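Structure at a glance
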Amino acid sequence: MAMECITSTQSMTQPHQNNNKESETTPLVFDASILRHQQQIPSQFIWPDEEKPSLQVSKLVIPLIDLGGFLSGDPAATMEAVRLVGEACKKHGFFLVVNHGINADLISNAHSYMDDFFELPLSEKQRAQRKTGEHCGYASSFTGRFSSKLPWKETLSFQFSAEKNSPKIVKEYLSNTMGKEFEQFGSIYQDYCEAMSKLSLGIMELLGMSLGVGKECFREFFEENRSIMRLNYYPPCQKPDQTLGTGPHCDPTSLTILHQDQVGGLQVFVDNEWHSITPNFNAFVVNIGDTFMALSNGKYKSCLHRAVVNNKTTRKSLAFFLCPRNDKVVSPPRELVDDDFSPRVYPDFTWPMLLEFTQKYYRADMNTLNAFTDWIQQKESC
């Protein structure tokens, strides 16, 4: 890639530049075991006044979609689920699913096993340290990527593959990285990712039907997905009104299936204000990402959301980010394109292109897809 031709990305990469002289001389380390007790938090975690969280926000009313009838093949229940999914995706792209068929013990184990990793000493967690420019591994905040507006969280991310005859890469990655004592840990998240992949394909059937392209269209596109699993761990913060667990952004991936614990902290920006999504341990929160927004030719929107923290309790969440196989070209079905009434909104691309853009050149926000489109067009003109 002729990256030297891309000149306008300088304005997009400001978050990567270090304008804090103090941080240039003193490397910042996010050690949750220490920072969770500090009354004064480092300045890099303090967000601008206009972006600081409002902890008291109204609840967002989003559809609770019962998948039981759909999964059992009930035509009437399926059409109702299709209707509700379509309405939610046209408005803000968020909905809840219940009776999803995922084993309750698997979900509980996936939450409880997070403690086995995140409660380790920092030096032990750093065995899985994410390398610069990569998206898998352990990240203690984003101290290695950004110099300001840092999120108050730790994450552990890993790749999942649903490709035919693919090895159990989640289990292998976690046991190889953390040692044999993490084999059971790896098995839990391998099983969880496989369950999420299966659930996501069912949701893709509903999305395809709601868009009028048939239930197989998107299911086939994502059948051999190369997705990302992320464990989010938000420790308490003594100044929760000054920082954010995750800053405002739209997911660059295709579909997110999130399971929250009972603590709460997810907020969604709808109708020009922030709303909370009440935790429901029996439900998954599902939302559209930028890649599917492009795949739907802009008919379904990704939505700005963030996470807030509190000063008492650690919050945990499990996020499965559905992504297409690396060689799949993200291009909307012909049924969704009309030169007169619904022309193409975004150029063709592959998921690795967008992933590279968000890892190296742009901090994901509500304008990621438009900025990425400009980036592609500049590269093509070089």
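Cut-offs and rules
- Residues numbered from 1 in each chain as written.
- Predicted model: local features only at pLDDT ≥ 70, side-chain atom pairs only at ≥ 80, totals over all residues.
- Heavy atoms only, no water.
- Axes fitted to C-alpha atoms, helices over the stretch in contact; angles between N-to-C directions.
- Helix = DSSP H or I, 4+ residues; strand = E, 2+ residues; numbered from the N terminus.
- Parallel < 35°, antiparallel > 145°, perpendicular 65-115°, else oblique.
- Left-handed = near helix turned anticlockwise from the far one by under 90°.
- Contact = heavy atoms within 4.5 Å.
- Nonpolar A, V, L, I, M, F, W, Y, C, P; charged D, E, K, R; others polar.
- Buried < 20%, exposed > 50% of the residue type's maximum accessible area, 1.4 Å probe, protein only.
- Pairing = 2+ DSSP bridges.
- Arc of directions from axis to C-beta.
- Phe/Tyr/Trp six-rings, centres within 6.5 Å; stacked < 30°, edge-to-face > 60°.
- Lys NZ or Arg CZ within 6 Å of the ring centre and 35° of its normal.
- pLDDT = per-residue confidence, 0-100.

1. Thoughts on the packing of helix H9 (residues 169-178) against helix H10 (residues 183-210)
Contact geometry for H9 and H10: axes closest at 8 Å, N-to-C directions at 155 degrees. As the angle between them shows, H9 and H10 are arranged roughly antiparallel. Between H9 and H10 lies a crossing whose hand is right-handed. Where H9 abuts H10, its residues Ile 169, Val 170, Lys 171, Leu 174 and Ser 175 lie against Glu 183, Phe 185, Gly 186, Ser 187, Tyr 189, Gln 190 and Cys 193. Taken together, the residues that form the contact of H9 with H10 break down as six nonpolar, four polar and two charged.

2. Regarding the pairing of strand E5 (residues 154-161)
When you tally the buried positions in E5, you get eight out of eight residues, the bulk of the element. The alternating pattern of E5 places Glu 154, Leu 156, Phe 158 and Phe 160 and Thr 155, Ser 157, Gln 159 and Ser 161 on opposite faces, both of which are buried. Examined bridge by bridge, strand E4 (residues 137-140) and E5 share four bridges and lie antiparallel to one another. For Tyr 138, the partnering residue across the bridge sits in E5 and is Leu 156. Relative to strand E6 (residues 226-234), E5 runs antiparallel, the two sharing eight bridges. When the bridges of E6 are listed, Leu 156 appears paired with Leu 231.

3. Remarks on helix H11 (residues 215-222)
Every buried residue of H11 is accounted for by Phe 218, Phe 221 and Phe 222. Viewed along the axis of H11, the buried residues span an arc of 90 degrees, placing them on a single side of the element. In this structure, the buried residues of H11 make contact with H10, helix H12 (290-295), strand E13 (315-322) and strand E14 (329-330).

4. Brief notes about the packing of aromatic side chains
Scanning the entire structure with this criterion turns up 20 aromatic pairs. For the pair Phe 117 and Phe 118, a centre-to-centre distance of 5.1 Å together with 90 degrees between the ring planes defines the contact as edge-to-face. Across the pair, Phe 118 and Phe 117 agree in class, each one buried. Here the aromatic rings of Phe 269 and Trp 274 are separated by 5.0 Å at their centres, their planes lie at 55 degrees, and the arrangement is tilted. Here Phe 269 falls in the partly exposed class, since its relative accessible area comes to 28%. Through successive ring pairs, a cluster of aromatic residues spans Phe 349, Phe 357, Tyr 361, Tyr 362, Phe 372 and Trp 375. Taking the ring centre of Trp 274 as reference, the NZ or CZ of Arg 306 above it sits at 4.1 Å.

5. Points about the sheet that holds strand E1 (residues 58-59)
Sheet architecture is open: five strands sit in the order E1-E10-E9-E12-E7, paired in mixed fashion. Only two strands of the sheet have a single partner each, and these edge strands are E1 and strand E7 (246-249). Where strand E9 (residues 266-270) and strand E10 (residues 273-276) come together, four bridges link them in antiparallel fashion. Opposite Phe 269, over in E10, you have Trp 274 as the bridge partner.

6. Re the confidence of the model for the chain
Overall, the prediction assigns the chain a mean pLDDT of 91, with 93% of residues at 70 or greater. Of the regions scoring below 50 in pLDDT, residues 1-25 engages in 38 contacts with residues more than four places distant in sequence or in other chains.

7. Considerations on unusual backbone geometry
Phi is positive for Asn 99, close to 50 degrees, though the residue is something other than glycine. Along the chain, the position of Asn 99 falls in the loop between strand E3 (94-98) and helix H6 (104-112). The exposure class assigned to Asn 99 is partly exposed, which follows from its relative accessible area of 46%. One non-glycine residue, Asn 272, lies in positive phi territory at about 65 degrees. Within the secondary structure, Asn 272 is located in the loop between E9 and E10.

8. A few points about H9
Every α-helical turn comprises 3.6 residues, leaving residues that sit three or four positions apart pointing alike. Within the span of H9, buried status applies to Ile 169, Val 170, Leu 174, Ser 175 and Met 178. On its buried face, H9 is in contact with helix H7 (114-118), helix H8 (122-125), E5, H10 and E6. Once H9 finishes, Gly 179 follows within two positions and takes phi at roughly 105 degrees, a positive value.

9. Topic: the packing of H10 against H11
Interaxial distance between H10 and H11 falls to 6 Å at its minimum, and their mutual angle equals 140 degrees. In terms of orientation, H10 and H11 fall into the oblique class. The chirality of how H10 crosses H11 is right-handed. For the pair H10 and H11, the contacting residues are Leu 201, Gly 202, Met 204, Glu 205, Leu 207, Gly 208 and Met 209 in the first and Lys 215, Phe 218, Arg 219 and Phe 222 in the second. Among the residues making up the contact of H10 with H11, the classes are represented as six nonpolar, two polar and three charged.

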